[in-house]
Amino acid sequence: MASASSTSARSLFTDSKMRLADRVQVNVNNISSLARQITRGSKSSEILMHSARNFAVQEHLMENSESNLKKMQLLCVHLGYQHDSMLKSAQQIEEVKEQVCAMQR
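Report follows, based on the coordinates. This structure is a prediction, so every number in the text was calculated from the model and none was measured.

## Examining the overall build of the protein chain
Within the protein chain one finds one helix and zero strands. Taken against the 2.2 N^0.38 rule, which gives 13 Å for 105 residues, the C-alpha radius of gyration of the protein chain at 45 Å runs more than 25% over that of a compact globule. Evaluated residue by residue, the protein chain yields a buried proportion of 0% over its 105 residues. Total accessible area on the protein chain stands at roughly 10000 Å², and carbon and sulfur atoms take up 63% of it. Side chains of the protein chain give 13 positive and 10 negative charges; the mean places of these two sets differ by 20 Å.

So, in structure tokens, the structure goes:
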């Protein structure tokens, strides 16, 4: 009978060791999953920060582009004024030429 109880005790001990090893393995797997999730979370934060930084840079570039477009529009208006002035001067030159010709007769 002693051998039967020692065999069953050995069997229980081996069974308990196996269950403990399984639980340890499950816990190790859970910890690695948790570590992966934390790593993904931190990378998501970095990606979000990078995107926000790029958005801010793009916003600044758009403001500069808008400012440059306004300046170019103003230059176009001034070039129009200069063109009109040159046309008026060209007409006046023709009138002066006609007056000079009339004086020379």
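Still more ground to cover, so stick around.
## As for the environment of C76
For C76, the position within the fold is in helix α1 (residues 2–104). Sequence separation between C76 and E63 is 13 residues; the distance between their C-alpha atoms is 20 Å.

## A word on the environment of L61
Here L61 shows up in helix α1. Considered as a pair, L61 and K88 are 27 residues apart in the sequence and their alpha carbons are 40 Å apart.

## A closer look at the pattern of salt bridges
If you walk through the whole model with that rule in mind, you get two salt bridges. Linking R19 and D15 is a salt bridge whose minimum nitrogen-to-oxygen distance equals 3.8 Å. Of this pair, R19 and D15 both sit in helix α1, four residues apart, roughly one helical turn. According to the relative accessible area criterion, D15 is partly exposed, its value standing at 38%. Taking the shortest distance from any N to any O, the salt bridge between E66 and K70 comes out at 3.7 Å. Of this pair, E66 and K70 both sit in helix α1, separated by four residues, roughly a single helical turn.

Analysis parameters
- Residues numbered from 1 in each chain as written.
- Predicted model: local features only at pLDDT ≥ 70, side-chain atom pairs only at ≥ 80, totals over all residues.
- Heavy atoms only, no water.
- Helix = DSSP H or I, 4+ residues; strand = E, 2+ residues; numbered from the N terminus.
- Rg over C-alpha atoms; globule rule 2.2 N^0.38 Å.
- Buried < 20%, exposed > 50% of the residue type's maximum accessible area, 1.4 Å probe, protein only.
- Areas by Shrake-Rupley, 256 points an atom, 1.4 Å probe, with all protein chains shown as cover.
- Lys, Arg positive; Asp, Glu negative; His and termini not counted.
- Charge placed at Lys NZ, Arg CZ, Asp CG, Glu CD.
- Salt bridge = Lys/Arg side-chain N within 4 Å of Asp/Glu carboxyl O.

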